[in-house]
Amino acid sequence: MSDLHDQICPWCQTEIVWDPELGPEEACPHCFNELGDYRSISLKLKNSGQNLMLSEEDEEEYESDMEAMDDYEEGVQRLLDQQEEAPECPSCHSFMLFAGTQSAPQSFLPFVHGGIKQPLLKAAFSTNVYVCPSCFKLEQIVSEPDRLELIEKLKIHGQEKQQ
């Protein structure tokens, strides 16, 4: 198989070798990152004897991109160091950044469970919103005060069942 059929995912650095009959992959089979012009870079290699080298323009662009990526990663790490909670992204497993809180939408209608005769979450609960700095997926987690309230409801229901 020729080098033209080899690709490296820019997000997880996994080598992707695609079948020439099926054509190039549209997404990384490992991290599901979308591949193509938008999230990928193409490098032109020149052959000097046995060594493959980047062209001068690509080498300058590559170094500039790597410096920008290093700055980005350092900025992300500084923010993560200041967070109390940093959940792992379910898609790419990077740690997620706290983006803010969000109140439950007015259309949220709590379900009243027959066993405890009250909803698990009140209509005015809030969530913490996290964003993944690698794949930009958003995740919501019930805020701590609402989590504690939920835990208490379930503990009381558990104690009632034991009696």
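A quick note: this is a predicted structure, and the numbers were derived from the prediction, not measured. (Residues numbered from 1 in each chain as written. Predicted model: local features only at pLDDT ≥ 70, side-chain atom pairs only at ≥ 80, totals over all residues. Heavy atoms only, no water.)

S.K.: Please set out the overall build of the protein residue by residue, giving values where relevant.
M.R.: Tallying secondary structure elements over the protein gives 2 helices and 9 strands in all. Going from N to C terminus, the protein has its helices and strands arranged as β-β-β-β-α-β-β-β-β-β-α. Counting the 163 residues in the protein, one finds 21% classified as buried. Taking contacts inside the protein between residues at least 6 apart in sequence as the whole, the part at least 24 apart equals 38%. Of the roughly 12400 Å² of accessible surface on the protein, 53% is carried by carbon and sulfur atoms. (Helix = DSSP H or I, 4+ residues; strand = E, 2+ residues; numbered from the N terminus. Buried < 20%, exposed > 50% of the residue type's maximum accessible area, 1.4 Å probe, protein only. Contact = heavy atoms within 4.5 Å. Areas by Shrake-Rupley, 256 points an atom, 1.4 Å probe, with all protein chains shown as cover.)

S.K.: Talk me through empty space enclosed by the protein; I want residue IDs and the actual numbers.
M.R.: Scanning the entire structure with this criterion turns up 1 cavity of 30 Å³ or more. For the largest cavity, the calculated volume is near 40 Å³. Every residue lining the largest cavity is listed: L120, L121, K122, D146, E149, L150 and K153. Broken down by class, the residue content of the lining of the largest cavity amounts to 3 nonpolar, no polar and 4 charged. (1 Å grid on protein atoms, 1.4 Å probe; cavity = no way out; pocket = protein on both sides within 12 Å on 5 of 7 lines; lining within 4 Å. Points joined across faces, edges and corners; volume = space filled by probe spheres on them. Nonpolar A, V, L, I, M, F, W, Y, C, P; charged D, E, K, R; others polar.)

S.K.: Could you give an account of a negative patch on the surface, with specific residues and numbers?
M.R.: Residues E60, E63, E67, D70, D71, E73 and E74 make up a contiguous surface patch of negative charge. Its place among the elements puts E63 in helix α1 (residues 56-82). (Patch = residues over 30% accessible without salt bridge, like charges linked within 9 Å, V, L, I, M, F, W, Y side chains within 5 Å. Salt bridge = Lys/Arg side-chain N within 4 Å of Asp/Glu carboxyl O. Lys, Arg positive; Asp, Glu negative; His and termini not counted. Charge placed at Lys NZ, Arg CZ, Asp CG, Glu CD.)

S.K.: Explain the packing of aromatic side chains to me, using residue names and the numbers behind them.
M.R.: This structure, assessed with the given rule, holds 2 aromatic pairs. An angle of 75° between the planes, with centres 4.8 Å apart, marks the rings of F108 and F125 as edge-to-face. Remark: F125 occurs in the loop between β7 (118-119) and β8 (126-131) and F108 occurs in the loop between β5 (97-103) and β6 (112-113); sequence separation between them is 17 residues. Note on F108: relative accessible area 29%, which makes it partly exposed. For F125, a relative accessible area of 9% corresponds to the buried category. (Phe/Tyr/Trp six-rings, centres within 6.5 Å; stacked < 30°, edge-to-face > 60°.)

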